[in-house]
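Analysis of the macromolecular model
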Amino acid sequence: MDVYGLVGNPVGHSLSPPMHEAAYEALGIDARYVTFEPDPAAFEAAVRGADALGVCGLNVTIPFKEDALAVVEPDELARRIGAVNTIDFTGERPTGHNTDAVGAVRALREHGFDGESLDGTTAVVVGAGGAGRAVAFGLADAGASVRIANRTAARAEALADSVPGATGYGLSELPALLSDAQILVNATSVGMDEDETVVDARGLHDGLVVMDAVYTPLSTRLLRDAAAAGARTVDGAWMLLYQGVAAFERWTGKRAPVDAMNDALRTRV
Ligand code: NAP
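Conventions and cut-offs
- Residues numbered from 1 in each chain as written.
- Predicted model: local features only at pLDDT ≥ 70, side-chain atom pairs only at ≥ 80, totals over all residues.
- Heavy atoms only, no water.
- Near = heavy atom within 4 Å.
- Polar contact = N/O pair within 3.5 Å; in protein donor to acceptor, adjacent residues only side chain to side chain.
- Areas by Shrake-Rupley, 256 points an atom, 1.4 Å probe, with all protein chains shown as cover.
- Pairing = 2+ DSSP bridges.
- Helix = DSSP H or I, 4+ residues; strand = E, 2+ residues; numbered from the N terminus.
- Right-handed = clockwise from strand over helix to strand, strands pointing away.
- Core = buried A, V, L, I, M, F, W, Y, C linked by side-chain atoms within 4.5 Å.
- Buried < 20%, exposed > 50% of the residue type's maximum accessible area, 1.4 Å probe, protein only.
- Contact = heavy atoms within 4.5 Å.
- Axes fitted to C-alpha atoms, helices over the stretch in contact; angles between N-to-C directions.
- Left-handed = near helix turned anticlockwise from the far one by under 90°.
- Nonpolar A, V, L, I, M, F, W, Y, C, P; charged D, E, K, R; others polar.

Notes on the site of the ligand
The full set close to the ligand counts 23 residues, and Ala131, Asn150, Arg151, Thr152 and Arg155 are the nearest of them. At 2.9 Å from an oxygen atom of the ligand is found a side-chain nitrogen or oxygen belonging to Arg151. Gly236 has a polar backbone atom sitting 3.0 Å from a nitrogen atom of the ligand. Against a free-state accessible area of 930 Å², the protein chains account for coverage of 77% of the ligand.

Here we look at the pairing of strand 1 (residues 2-7)
When strand 1 meets strand 2 (residues 31-36), the two strands line up parallel, connected through six bridges. Across the sheet, Tyr4 pairs through a bridge with Tyr33, a residue of strand 2. As a crossover connection, the stretch from strand 1 through helix 1 (residues 16-27) into strand 2 is right-handed.

A short note on unusual backbone geometry
Note the cis peptide between Ile62 and Pro63, where omega equals 10°. Mapped onto the elements of the fold, Pro63 is located in the loop between strand 3 (57-60) and helix 3 (68-71). With an omega dihedral of 5°, the bond running from Thr216 to Pro217 counts as a cis peptide bond. With respect to the helices and strands, Pro217 occurs in the loop between strand 11 (209-212) and helix 9 (221-228). One non-glycine residue, Asp114, lies in the positive phi region at around 50°. Unlike most non-glycine residues, Asp193 shows phi in positive territory, near 60°. In this structure, Asp193 sits in the loop between strand 10 (183-186) and strand 11.

With respect to the nonpolar core
The tendency in soluble globular proteins is for nonpolar side chains to be buried side by side. Among the nonpolar cores identified, the biggest contains 59 residues, and Leu139, Val146, Ile148 and Leu241 are the most heavily contacted of them. For this core, the element with the most residues is helix 10 (residues 236-252), which contributes ten residues. Not counting the four nearest positions on each side in its chain, Leu139 is found in contact with Val105, Leu108, Leu118, Ala123, Val125, Ala144, Val146, Ile183 and Val185. In terms of nonpolar packing, the next biggest core, distinct from the first, is built from 16 residues, Val126, Ala149, Leu222 and Leu223 among them.

Focus on the packing of helix 5 (residues 99-112) against helix 6 (residues 130-141)
Taken N-terminus to C-terminus, the directions of helix 5 and helix 6 make an angle of 60°; their axes are 8 Å apart at the nearest point. Between helix 5 and helix 6 the crossing geometry is right-handed. Contacts from Asp100, Ala101, Ala104, Val105 and Leu108 in helix 5 reach Ala134, Val135, Gly138 and Leu139 in helix 6. In terms of residue class, the contact of helix 5 with helix 6 is made up of seven nonpolar, one polar and one charged.

A few points about the side chain of His97
You can see His97 is positioned in strand 6 (residues 95-97). A distance of 2.9 Å separates a polar atom in the side chain of His97 from a polar atom in the side chain of Asp75. Ignoring sequence-local partners within four residues, the contact set of His97 consists of Asp75, Ala78, Ala83, Val84, Asn85, Thr86, Asp88 and Arg250.

Worth remembering: the numbers are spatial, not functional.
Put into structure tokens, the structure is as follows:
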């Protein structure tokens, strides 16, 4: 039996185990996906131990995504983003990857653009933390022109300096940034477990595709405001699904059963 898992602290309510186990069941793979919650000081020992025990792959979440860069060999994208969310033990040595970036882009492409390319679009990313970094690099790599707005403007400007063609702003610039944009992504934690939004509804319009990285709740205030403004909406479970799909395909070399994974996710969010 193959073992995969998620390492973070806390990981109690993660949706990754049912999502990945639905994929194993659909494809008849003899595997389990389990959660690990090491003491932060023991993260490196935990990863080395998992490798020694024959674990095939680990997802990595808060607070270890940055720490993982120094513990495994990151690929070029994970290095640029500055965070690893997927560790692959199936090669000669453990490697680190970031599937949040491709997950966000695939969610937008398939559910906001009918599968069309994002090349040439203008995108506004709100947030410059871990999710904001991944989304900004993913969109830039997909050919979008990226504007990053963050509560701490200096953080947005610093991130914009490392993302090709990007520019950084404070939140007060949002209405102007959105007026001619085609994509808006909330990559802050605002909206999680509370009915709040970081984007004034008056800046939203029907030329936008709006995605929220927040997936608890699924219907955030931002997405409700966006729908009311006539925008297309993409909820955070799509981004979660496609980052999981990318990790599954990297680890197993098989095409992921996306519908089975999505069903497992959506019965639990
Ligand atoms: P993080 O690194 O802690 O970053 C938090 C971000 O939110 C920062 O930009 C921060 O701004 C901003 N922020 C926090 N409180 C705010 C407030 N009251 N007003 C305005 N901005 C505020 O967190 P993260 O890892 O990026 O995660 C952000 C969200 O994305 C979480 O809800 C997480 O669950 C979600 N996420 C979803 C997926 C998915 O697959 N759907 C993947 C990854 C993350 P400052 O810089 O000014 O502090």
